[in-house]
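Coordinate inspection notes
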Amino acid sequence: MKRFISLLMAFCLCSTAIFADVDDDYDDGNDYDDGYIYEQNGAGDKFLKIDLLGNFPLNFGKQLYPGAGAAVGYYSFISSNIAVGGEVDITYNLSLGLKPLIIVPITFGAIYQPYVGKFEFPLMAEIGVATLNSQNLNYFPAFTAKLGAGAYYRFIEGWSAGLNTNFYWIPQWCKDSKNNDNGLFATAAIGVRYHF
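Just so we're clear, the structure is a prediction, and the values are computed from it rather than from any experiment.

**Some points on the pattern of salt bridges**
Within the structure shown, the criterion is met by seven salt bridges. Of the charged contacts, one joins Lys146 and Glu87 as a salt bridge, the two residues approaching to 2.9 Å between their closest N and O atoms. Pair noted here: Lys146 is in strand S8 (residues 137-156) and Glu87 is in strand S3 (residues 82-94), with a separation of 59 residues, a long-range link. With relative accessibility at 1%, the residue Lys146 sits in the buried group.

So this is what it looks like as structure tokens:
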């Protein structure tokens with residue numbers, strides 16, 4: 001009797017395989033297409049960035065030497081290619097008399113970032129304020145505008161690294177308009193970004 005029940009159970013299991021609906025197009029799920037387009041970034045994605053940069057004065061002649069600096073930024077995507085946010089930079093240059101010029105711009109704006117595969121190409125435009133400190137003289141608030149471009153490689157999902165450059169315009173407007181001045185700077189930076 002036990003042998004009969006065992007054979008009956010084996011027959012039932014085999015018969016389910018015979019009558020099962022077989023899908024000839026099934027291929028273990030590796031090429032499953034659910035119709036959703038996966039993008040590098042989406043609305044609500046954010047990133048933090050840290051840059052180490054060289055700061056190059058453009059319109060000071062030989063009165064100001066190239067310097068260095070650092071930048072920290074935070075951005076949030078409102079679509080797959082557009083992010084809004086801001087940055088704080090700290091730059092340091094020496095004058096001809098070896099007096100330091102320290103500029104701290106705080107800017108807010110937008111980034112348009114197309115991408116190809118794992119390469120991202122941010123283009124940014126920002127405005128804000130800056131503080132200038134030179135020879136114990138402070139100038140605040142100074143208007144500042146910044147345009148930038150870069151190229152980053154997303155080597156893992158949460159991290160990217162790359163290069164970027166920015167152009168700064170920092171005017172200095174005085175009560176006597178003949179004392180007005182324009183500071184033009186360019187930066188070249190290497191940076192990392194943490195995406196979350």
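There is more to say after this.
**A look at empty space enclosed by the protein**
Within this structure, the stated rule accounts for two cavities of 30 Å³ or more. Here the largest cavity is characterised by a volume of approximately 100 Å³. Forming the boundary of the largest cavity are 14 residues, of which Lys49, Pro122, Met124, Tyr152 and Asn164 lie nearest the centre. Elements supplying a minimum of two residues to the lining of the largest cavity: strand S1 (46-57), strand S7 (123-134), S8 and strand S9 (159-172). A breakdown of the residues in the lining of the largest cavity according to their chemical character gives seven nonpolar, four polar and three charged.

**Looking at the nonpolar core**
Formed by Phe60, Leu64, Leu101, Ile103, Ala130, Leu132, Ala142, Tyr168, Ile170 and Phe185, the largest nonpolar core amounts to 10 residues. At the level of elements, strand S4 (100-112), S7 and S9 are the ones that each hand at least two residues to this core. Excluding anything up to four places from it in sequence, Ile170 contacts Ile103, Leu132, Ala142, Phe143, Thr144, Asp181, Asn182, Gly183 and Phe185. If you look at the next biggest cluster of nonpolar residues, it comprises six residues, including Phe47, Ala83, Ile111 and Met124.

About the cut-offs
Residues numbered from 1 in each chain as written. Predicted model: local features only at pLDDT ≥ 70, side-chain atom pairs only at ≥ 80, totals over all residues. Heavy atoms only, no water. Salt bridge = Lys/Arg side-chain N within 4 Å of Asp/Glu carboxyl O. Helix = DSSP H or I, 4+ residues; strand = E, 2+ residues; numbered from the N terminus. Buried < 20%, exposed > 50% of the residue type's maximum accessible area, 1.4 Å probe, protein only. 1 Å grid on protein atoms, 1.4 Å probe; cavity = no way out; pocket = protein on both sides within 12 Å on 5 of 7 lines; lining within 4 Å. Points joined across faces, edges and corners; volume = space filled by probe spheres on them. Nonpolar A, V, L, I, M, F, W, Y, C, P; charged D, E, K, R; others polar. Core = buried A, V, L, I, M, F, W, Y, C linked by side-chain atoms within 4.5 Å. Contact = heavy atoms within 4.5 Å.

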